[in-house]
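Below are the chains, spelled out letter by letter.
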Amino acid sequence: MAENNGDNNNSHTIPKKITTSTKWNFNLPIGVFFKDARHVFKWDSLGKEILGMALPAALAVAADPIASLIDTAFIGHIGPVELAAAGVSIALFNQASRITIFPLVSITTSFVAEEDTVANMKLKAANHVNDDMEKGVPTKLEQHKENDDDDDDDDSETENNNNDNNVVSKLDKITKVKKGKRQIASASTALIFGIILGLVQAIFLMFGARTLLGVMGVKHDSPMLGPAEKYLVTRSFGAPAVLLTLAMQGIFRGFKDTTTPLYVILLGYSLNVALDPLLIFVCHLGIRGAAIAHVLSQYLMALVLFLILMRKVNLLPPSLKDLQFGRFLKNGGFLLARVIAVTFCVTLAASLAARLGATPMAAFQTCLQVWLTSSLLADGLAVSIQAILACAFAEKDYQKATAAANRVLQMSFVLGVGLTFLVGIGLYFGAGIFTRDVNVLHLIRIGLPFVAATQPLNSLSFVFDGVNFGASDFAYSAYSLALVAVASITALFTLSKSHGFVGIWIALTIYMGLRMFAGIWRMGTGTGPWRFLRVPFAA
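Cut-offs used in this document
Residues numbered from 1 in each chain as written. Predicted model: local features only at pLDDT ≥ 70, side-chain atom pairs only at ≥ 80, totals over all residues. Heavy atoms only, no water. Phe/Tyr/Trp six-rings, centres within 6.5 Å; stacked < 30°, edge-to-face > 60°. Helix = DSSP H or I, 4+ residues; strand = E, 2+ residues; numbered from the N terminus. Buried < 20%, exposed > 50% of the residue type's maximum accessible area, 1.4 Å probe, protein only. Lys NZ or Arg CZ within 6 Å of the ring centre and 35° of its normal. 1 Å grid on protein atoms, 1.4 Å probe; cavity = no way out; pocket = protein on both sides within 12 Å on 5 of 7 lines; lining within 4 Å. Points joined across faces, edges and corners; volume = space filled by probe spheres on them. Nonpolar A, V, L, I, M, F, W, Y, C, P; charged D, E, K, R; others polar.

Undergrad: Quick question: what am I supposed to make of the packing of aromatic side chains here?
TA: What describes a pair of aromatic rings is the distance from one ring centre to the other and the angle between the planes of the rings. Per the stated rule, a full pass over the model turns up 15 aromatic pairs. Consider the rings of F33 and F464, whose centres lie 6.0 Å apart with planes at 85°: the pair is edge-to-face. Remark: F464 occurs in helix α16 (residues 455-470) and F33 occurs in the segment before α1 (45-76); sequence separation between them is 431 residues. A relative accessible area of 14% places F33 in the buried class. Centroid distance F334 to Y479: 5.7 Å. Interplanar angle 70°. Geometry classified as edge-to-face. On the criterion of sequence distance, the pair formed by F334 in helix α11 (residues 325-355) and Y479 in helix α17 (residues 474-524) is long-range, its members being 145 residues apart. The buried category is assigned to F334, whose relative accessible area is 18%. Through a chain of ring-to-ring contacts, the aromatic side chains of F102, F111, F193, F328, F469 and F474 assemble into a single cluster. The lysine or arginine in question, R327, covers the ring of F111, its NZ or CZ lying 3.6 Å from the ring centre. Sitting above the plane of the Y428 ring, R445 keeps its charged end 5.2 Å from the centroid.

If you want it as structure tokens, here you go:
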């Protein structure tokens, strides 16, 4: 449950609720982003809460590409054909997974955080009543009865006893819930969706593997087709485990626990790395052995997370009515549209680069991977702010919502500036790691200023996603990204035609800038869930 900072001496202290007598202030609250900027590095309770979630989440995000890199290194020792085949299959599998994973995890985190916070608020209120009864303090019901029935002491005493018995009975039930497992219906719903989506994805990839590989450019007479199909079909058996694991990660994030998933992920990928040489070389399974190692690691992660979750949550809801299928489908549809818009922009940029030739495409792919991978570090901050805001909005703790959003956005800007120098220097001197081709290196250095300079834009854009999801502003996130995609696609076609390689990167800079602007606009104008920013808080 979100910590209530309104009762301490925090410098961000403002009232949690807005009084109805307060007059509206129609000045735009754009200055809210600069509020208390001097506290961006302050190691207070809010800073500890944010970084305590962000660091494990960032490490968990980084674990997957690192494991994939090691996996690729082992496959590379089989042969160049197998390495290329695995590359195509992994890209296809990840693309299919991204469409289902992102909406599921994002919605689960917000819904679980909200539901858990509301349950904790009710429990705290019940415990307060229980404490009053133990201290002999009359309940409101008792006081009301004493005032109304002073002339009928016998009847009043009987009714009050009955009412006290009812209160005690309810408190006993709440105490049992407190001592037992959490009852979080959205957690059960997320697991059901994870299993269903995982099975659908597995069937889709298994039976459509050859066709999908053809779409990716692997022709029927290509030597890559055989090993690519083996890897993709085998890897598809792990799709249910992947979706289920990610759904459970979303549940733990909703509980503000990013450490447990990190440990389980490290355990799973350690098994993956250990099994790779055993299955590939010792058991002579080749590229299929690499896929089996990955599948086994995914099921291990799913099993361990499930066993841990069973100890915390009652995964069987009281009834089907408690499951939130409609709410998941509605908001999942919004985020699905958003994911498609984002994916299409990046995929189109790669396609336009490929049309320029092999050399520009090689340089673009290198710059793109560095551009996206470095920006993923901001995902840890996005995860933390989503969970914190979901709890704060459920509590109507506007003080914490504002303070937390400001702090994380300021942190993300500082992170982006740091990445600008790190990526710029690293890519300038380390581009030779990726290629020895002089022409490719020349184009990488041309793209380097865009890759480095846009890091603050990228960091803020990703964190604004967490802000929107934490405020359950899924519709705005989808509609705004659709408009951003339209403008960005237009820029990509226009600028790539007139300025080639540089034009593509200018268009991608516009794309990330518009994403950041969409986030600034929502909170900076005090609209949607942030409308309270346009109301002065009562002193």
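There's plenty left to go through after this.
Undergrad: What is the right way to look at empty space enclosed by the protein in this model?
TA: One water molecule sets the probe size; rolling that probe over the atoms shows where empty space is left. Inspection of every chain in the model, using the stated rule, returns 3 cavities of 30 Å³ or more. Empty space within the largest cavity amounts to approximately 60 Å³. Breaking the lining of the largest cavity down by element, the ones donating at least two residues are α16 and α17. Considering each element in turn, the lining of the largest cavity owes the most residues, 7 residues, to α17. For the lining of the largest cavity, the class distribution of residues is 4 nonpolar, 5 polar and 2 charged.

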